[in-house]
Amino acid sequence: MARLPRYVIPGQPQHIIQRGNNRQTLFAAEADYQFFRDALVEAAARHGLTIHAYVWMTNHIHLLATPEFNDSISKTFQSVGRRYVQYFNYTYKRSGTLWEGRYRATVVDSERYLSTLMRYIELNPVRAGMVAVPQDYPWSSYRRNALGESGPNADWLVPHEQYTRLGREDATRQAAYRALFDAAIDREDLAEIRDCTHKGWALGGERFKAEIEALGQRRAVSKGVGRPRKEGGDRG
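Scope of this entry: the structure provided in the associated data block. These numbers come from a predicted model, not from an experiment.

Cut-offs applied
Residues numbered from 1 in each chain as written. Predicted model: local features only at pLDDT ≥ 70, side-chain atom pairs only at ≥ 80, totals over all residues. Heavy atoms only, no water. Helix = DSSP H or I, 4+ residues; strand = E, 2+ residues; numbered from the N terminus. Polar contact = N/O pair within 3.5 Å; in protein donor to acceptor, adjacent residues only side chain to side chain. Axes fitted to C-alpha atoms, helices over the stretch in contact; angles between N-to-C directions. Parallel < 35°, antiparallel > 145°, perpendicular 65-115°, else oblique. Contact = heavy atoms within 4.5 Å. Nonpolar A, V, L, I, M, F, W, Y, C, P; charged D, E, K, R; others polar. Core = buried A, V, L, I, M, F, W, Y, C linked by side-chain atoms within 4.5 Å. Buried < 20%, exposed > 50% of the residue type's maximum accessible area, 1.4 Å probe, protein only. Phe/Tyr/Trp six-rings, centres within 6.5 Å; stacked < 30°, edge-to-face > 60°. Salt bridge = Lys/Arg side-chain N within 4 Å of Asp/Glu carboxyl O. Arc of directions from axis to C-beta. Pairing = 2+ DSSP bridges.

### Describing the side chain of His 60
Thought 1: Mapped onto the elements, His 60 comes out in strand β3 (residues 60-67).
Thought 2: Within the structure, the side chain of His 60 is placed 2.8 Å from the side chain of Asn 59, a separation counted as a polar contact.

Here you go:
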């Protein structure tokens, strides 16, 4: 079956996932994360991709980012992909592909889903059983968004407008953001986030999907309604 073309709506945030080929390890040491971070930050700045939230797991990554141009995401990932594969293969004396293939992405209704999606991204290490609380995982945006942490893992992040509406002061926003994590993400929301991202559907309400279909000139939602996925281990 032919793949549907990706939606790219400049100015509209997208949830983006890139996996290792056959779920193989992408990051084996601290230096790997650091090299990837630096390559991503440089490429995103050059190609107009604003990043709001992220998590880098051992074998896949998540971003919540807003493209400035139609090719902001594709050019960023092309640049990072080439640089990181060269670095990784040289470092670990290997050859061949590293990535699963092209990245997966879904355009996001920021009014309805942005805060839920940020929690989904930053809770990945908790769902995977790697840490007990999200602040214990260093390679995510949680410490920036919830605790105001600065440094090389955080200073390049740009708050989305929905996040800034949580409060006028930094401390107020951070406290309100931390409070969002007191409640579990609804099982239906988890399933919808996963399905929309993996299948390329728009993530939002019916009006939002209709607007995206008009802009993107292709379907924004499945023709049928599938059975809800059962909860299991973390699938990212």
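### Observations concerning the packing of helix α3 (residues 110-122) against helix α8 (residues 187-199)
Thought 1: Following both chains from N to C, one finds α3 and α8 inclined at 85°, their axes separated by 11 Å at the closest point. Between α3 and α8, the angle is such that the two are roughly perpendicular. Residues Tyr 113, Thr 116, Leu 117 and Tyr 120 of α3 form the contact with α8, whose participating residues are Asp 189, Leu 190, Glu 192, Ile 193 and Arg 194.
Thought 2: Within the contact of α3 with α8, the residues separate by chemical class into five nonpolar, one polar and three charged.

### Some thoughts on the nonpolar core
General note: in soluble globular proteins, nonpolar side chains tend to be found buried as a group.
Thought 1: One finds Phe 36 and Trp 56 to be the most contacted residues of the largest nonpolar core, which totals 54 residues.
Thought 2: Taken together, the elements giving at least two residues each to this core come down to α1 (30-47), β2 (49-56), β3, α2 (72-91), α3, α5 (142-147) and α8.
Thought 3: Top element by residues in this core is α2. It accounts for seven residues.
Thought 4: Look past the residues within four positions of Phe 36 in its chain and what remains in contact with it is Phe 27, Trp 56, Ile 61, Val 80, Tyr 84 and Trp 99.

### Structural notes on the packing of aromatic side chains
Thought 1: Counted according to the given criterion, the structure contains 21 aromatic pairs.
Thought 2: On the basis of an interplanar angle of 35° and a centroid distance of 4.5 Å, the ring pair of Tyr 54 and Trp 56 is categorised as tilted. No difference in accessibility class separates Tyr 54 from Trp 56, as the two residues are buried.
Thought 3: Measuring from centroid to centroid gives 5.5 Å for Tyr 163 and Tyr 177, while their planes differ by 70°, and the two rings are edge-to-face.

### Examining the pattern of salt bridges
Thought 1: Summed over the entire model, instances satisfying the criterion amount to twelve salt bridges.
Thought 2: The salt bridge involving Arg 83 is made with Glu 42; its shortest N-O contact spans 3.6 Å. With Arg 83 in helix α2 and Glu 42 in helix α1, this residue pair connects regions lying 41 residues apart in the sequence.
Thought 3: Residue Glu 42 is classed as partly exposed on the basis of its relative accessible area of 34%.
Thought 4: Through salt bridges that share partners, Glu 42, Arg 46 and Arg 83 make up one connected network.

### Observations regarding helix α7 (residues 170-180)
For an α-helix, the turn length of 3.6 residues means that residues three or four places apart are oriented alike.
Thought 1: Where α7 is concerned, the buried positions are Arg 173, Gln 174 and Tyr 177. For α7, the buried positions fall inside an angular range of 95° around the axis, keeping them on one side.
Thought 2: Buried residues along α7 sit against α3, α5 and α6 (161-164).

### Points about the sheet that holds β3
Thought 1: Read from one edge to the other, the open sheet built from four strands follows the order β2-β3-β1-β4, with strand pairing classed as antiparallel. Only two strands of the sheet have a single neighbouring strand rather than two, namely β2 and β4 (104-107). Neighbour-to-neighbour, the strand axes of the sheet open up by a mean angle of 20°, direction not taken into account.
Thought 2: With four bridges joining them, strand β1 (residues 14-19) and β4 adopt antiparallel strand pairing. Paired with His 15 across the two strands is Thr 106, which belongs to β4.
Thought 3: Packed onto the sheet, α1 meets β2 and β3 and runs at close to 160° relative to β2.

### Concerning the pairing of β1
Thought 1: Along β1, six of the six residues are buried, which leaves the element largely enclosed by surrounding structure.
Thought 2: The alternating pattern of β1 places Gln 14, Ile 16 and Gln 18 on one face and His 15, Ile 17 and Arg 19 on the opposite face, and all of these are buried.
Thought 3: For β1 and β3, the ladder comprises six bridges, and the chain directions are antiparallel. Bridge pairing links Ile 16 to Leu 63 in β3.

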